[in-house]
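Chain residues, written in single-letter form:
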Amino acid sequence: MDGTLMSGLHGAKLLITGGSGFTGRQASAHFVSKGMKVLAMTREPKHWEREDLPGTPIYGDLNDGVQIRKAIKEVQPDYVLHLAGQNAVQTSWKEPLQTVQVNMIGTLHVLDALRECPRSRCVVVTSKLKSSLFEMFSPAHPYAFSKGLQELAAVAWSEMFDLDVILAEPSNLIGPGPSIGICSLLAQHAVQEELGKAVSPFLLHASQSTRDYVDVRDAVLAYEMLLQHGERGNAYEIASGTRRTLQDVVQAFDSQLKSRLSVSWQLPLPMSEPIAVTSKGIVRGSSPAQANSASRTAAGGRSPLSAADLGFQTSIPFELSIRDILDYYREQRR
């Protein structure tokens, strides 16, 4: 990644929650390479060390407020990139209370601990799938509800306790690394087929709803911009500006494969029916109406800004992201 923005952050201490996650790994590698002192908070520091991941691992569980406070007091970070949370829509249907606990209360554990580090700047990463202020009474799924609450809580704590907090609202993140996103699931399916293993066709919903996809490596550059140039108290959308249907996604995979991806298209569900896709087929998830919503509002009732306002532009083409995801899972199967 091009790190030309790093002059103001070089040598600073950065705490990344969710350090061993999909985005956390990319963020840790990027900021370490640019001279920041990265402390990656994870529930499995031994796993981190075993994989020889960049940065210094420290133990942290968002459910344990006392432990989070102790860790942040010891670290005294200059910056915090809060990535940790429960980010699977399907899991939120199975474990709604735990999803709200981790995403909202876990965020408050981090922010409350930062009251003892008043000079720290924190970027809280929410999601484009969150419920807006006006959607909180009829959320698409528990995940959306939890991320809406997370944003409300972050704004409230920032205002009440005079904290330097910025919100990031990324669209669907893709790229190499361990992920449960649709592109990663399709890549795993494709690699299985390349290895000659008998697999059933991947079930996909033939909806014309569209999604915006951003490579996780580009998203990390956007987070860097927010850490350095974001305006306190604002929310920033991070998007490519190009929306794609699932048919478009499958075509991108087909262009990278020797044989076409084996998929089974299901008839469209009513627009009101929430859907999502997993390797096991169609399950409840985000609704097309929400995915296509053009009138998003931040927790404070304001429309979010765009990271593009700070000069952010995606640099990794969608097709290259797909190729890199395939190569990642091919390597994992060796």
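(A) Summary view of the overall build of the protein. A tally of helices and strands in the protein yields 11 helices and 15 strands. Considering the protein as a whole, with its 334 residues, one finds that 54% of them fall into the buried category. Here the contacts in the protein between residues at least 6 apart in sequence split such that 76% fall between residues at least 24 apart. Summed over all atoms, the accessible surface of the protein reaches about 15100 Å², with 51% contributed by carbon and sulfur.

(B) The sheet that holds strand β6 (residues 164–170), seen in detail. The parallel open sheet is built from 8 strands, whose spatial order is β3-β2-β1-β4-β5-β6-β10-β15. The open sheet has two edge strands, β3 (56–59) and β15 (305–306), and neither has a second partner. In the sheet, strand β4 (residues 79–82) pairs with strand β5 (residues 121–125) via 4 bridges, with the strands oriented parallel. Along β5, the bridge assignment pairs Leu-81 with Val-123. On top of the sheet, helix α6 (residues 142–161) reaches β4, β5 and β6; it is set at about 160 degrees to β6, its chief contact. Across the face of the sheet, helix α8 (residues 216–229) comes into contact with β1 (13–17), β4, β5, β6 and β10 (235–238) while running at roughly 145 degrees to β5.

Here is what the cut-offs are and how they apply
Residues numbered from 1 in each chain as written. Predicted model: local features only at pLDDT ≥ 70, side-chain atom pairs only at ≥ 80, totals over all residues. Heavy atoms only, no water. Helix = DSSP H or I, 4+ residues; strand = E, 2+ residues; numbered from the N terminus. Buried < 20%, exposed > 50% of the residue type's maximum accessible area, 1.4 Å probe, protein only. Contact = heavy atoms within 4.5 Å. Areas by Shrake-Rupley, 256 points an atom, 1.4 Å probe, with all protein chains shown as cover. Pairing = 2+ DSSP bridges. Axes fitted to C-alpha atoms, helices over the stretch in contact; angles between N-to-C directions.

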